[in-house]
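Fold and geometry: a report
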Amino acid sequence: MKRVNLLAILALSFSFSTFVACTSEDFVGSDATLAVTAQDEAQSANLSDIAVATTDEYVNSFDAAGFQAVSEAQKVNGIGAIDSGKVVITVDKTGITVFPKKICIDFGTGVIDKRGNTLKGKIYVIISNRMGVIGSTRKLEYYEFFINDNQLKGSKVVTYLGSNRQVTNTVVTETPSWSISVKDTIVRADGTKIIWNSERVRTRISNNATPLLYWDDIYSITGTSNGVNAKGVAYTVEITKPLILKGGWKFFVEGTVLTTSEKHTAVLDYGNGDKDAKATLTVNGVTKDINLRK
């Protein structure tokens, strides 16, 4: 009789320890998944913003030039083109009165931009009107386009929402905003894929005292996103404190995002404005430093 009770106790103890181990592994797995998801989200948002900022830089300059070729020598098959170093921009219709236009920004086999990113391939931009017109749109599509060996597939639609004009002590400030709708797939160098969909508003909060330069502007970004991380796990994201992008830097420098996946949440904090490649990630009350991926 005593022998039977001992066996029963052993069996019960084994079952309980197995249950605890599995439950513990589930929590560890959820935390690990959240960490991966938060980093994948950060990388996707960063790559998306690089594509938008880069397009703004070249298309705005092209717009300021009236969508005209700089010289006959820089025309390709009679189509207007601006050659900016290794970057060649072409447009199917020159002038500022005929729309829509289709612009091609060609980075060739590789160009290092002002933020230190390596870009190659092409971005096609279909614009409905000059971007100073409220409601005008730019649709971005990619052809063999890469940022730091990450291939971007999909499309973005950027819509001009207008500008908030303020006058303080005779100083006029303009803070224009754009809505950005994104449907991206990112294929990394190791073959893993991230699906990233987003609805955000991008507001220029400073031109950095260089109104004729676009790459060094400062932006505030709000909104939401959702997708599937590199391990095939779905997630959603809400920006809880606006993301701040300082022109000339490759990562967000401020802001927080709340990531939800498998009913668990994580908070990613980009910091206090320092230009670095670091952020903090809080999962289950535990905060750790992480390095942002290019």
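Residues numbered from 1 in each chain as written. Predicted model: local features only at pLDDT ≥ 70, side-chain atom pairs only at ≥ 80, totals over all residues. Heavy atoms only, no water.

Looking at the overall build of the protein chain
Of regular secondary structure, the protein chain possesses one helix and 15 strands. By sequence separation, contacts in the protein chain at least 24 residues apart represent 48% of the contacts at least 6 residues apart. (Helix = DSSP H or I, 4+ residues; strand = E, 2+ residues; numbered from the N terminus. Contact = heavy atoms within 4.5 Å.)

Considerations on the confidence of the model for the protein chain
Taken over all residues, the pLDDT of the protein chain has a mean of 82, while the share at 70 or more is 83%. No element of the protein chain has a lower mean pLDDT than strand E1 (residues 80–84), at 56, and none a higher one than strand E6 (residues 137–147), at 97. In the predicted structure, residues 1–29 sits below a pLDDT of 50 and forms one contact with residues beyond four places in sequence or in another chain. This model gives residues 70–79 a pLDDT under 50, and the stretch forms 11 contacts once residues within four places in sequence are excluded. (pLDDT = per-residue confidence, 0-100.)

Regarding the environment of Lys288
Locating Lys288 in the fold gives a position in strand E15 (residues 286–291). Under the relative-accessibility criterion, Lys288 is labelled partly exposed at 45%. Remark: the alpha-carbon pair of Lys288 and Leu268, spanning 20 residues in sequence, is separated by 9.9 Å. With residues up to four places along the chain from it excluded, the contact list for Lys288 reads Ala35, Ala279, Thr280 and Leu281. (Buried < 20%, exposed > 50% of the residue type's maximum accessible area, 1.4 Å probe, protein only.)

Digging into empty space enclosed by the protein
Inspection of every chain in the model, using the stated rule, returns four cavities of 30 Å³ or more. Considering only enclosed or pocket space, the largest cavity measures out at about 130 Å³ in volume. In this structure, the largest cavity is lined by 18 residues; those nearest its centre are Ala53, Asp56, Arg202, Tyr214 and Tyr219. For the lining of the largest cavity, the elements supplying multiple residues, two or more each, are helix H1 (2–64) and strand E9 (193–206). Tallying contributions element by element places H1 first for the lining of the largest cavity, with four residues. Residues that form the lining of the largest cavity fall into these classes: eight nonpolar, three polar and seven charged. Size it by volume and the second largest cavity reaches roughly 100 Å³. Taken together, 13 residues form the lining of the second largest cavity, with Ser48, Asp49, Ile180, Arg200 and Ile221 sitting closest to its centre. (1 Å grid on protein atoms, 1.4 Å probe; cavity = no way out; pocket = protein on both sides within 12 Å on 5 of 7 lines; lining within 4 Å. Points joined across faces, edges and corners; volume = space filled by probe spheres on them. Nonpolar A, V, L, I, M, F, W, Y, C, P; charged D, E, K, R; others polar.)

Remarks on the packing of aromatic side chains
Using the criterion set out here, one finds eight aromatic pairs in the structure. In textbook terms, an aromatic cluster arises when at least three aromatic residues are bridged by ring pairs, as seen for Tyr58, Phe107, Tyr142 and Phe145. Over the ring of Phe146 we find Lys120, and its NZ or CZ is 5.2 Å from the ring centre. (Phe/Tyr/Trp six-rings, centres within 6.5 Å; stacked < 30°, edge-to-face > 60°. Lys NZ or Arg CZ within 6 Å of the ring centre and 35° of its normal.)

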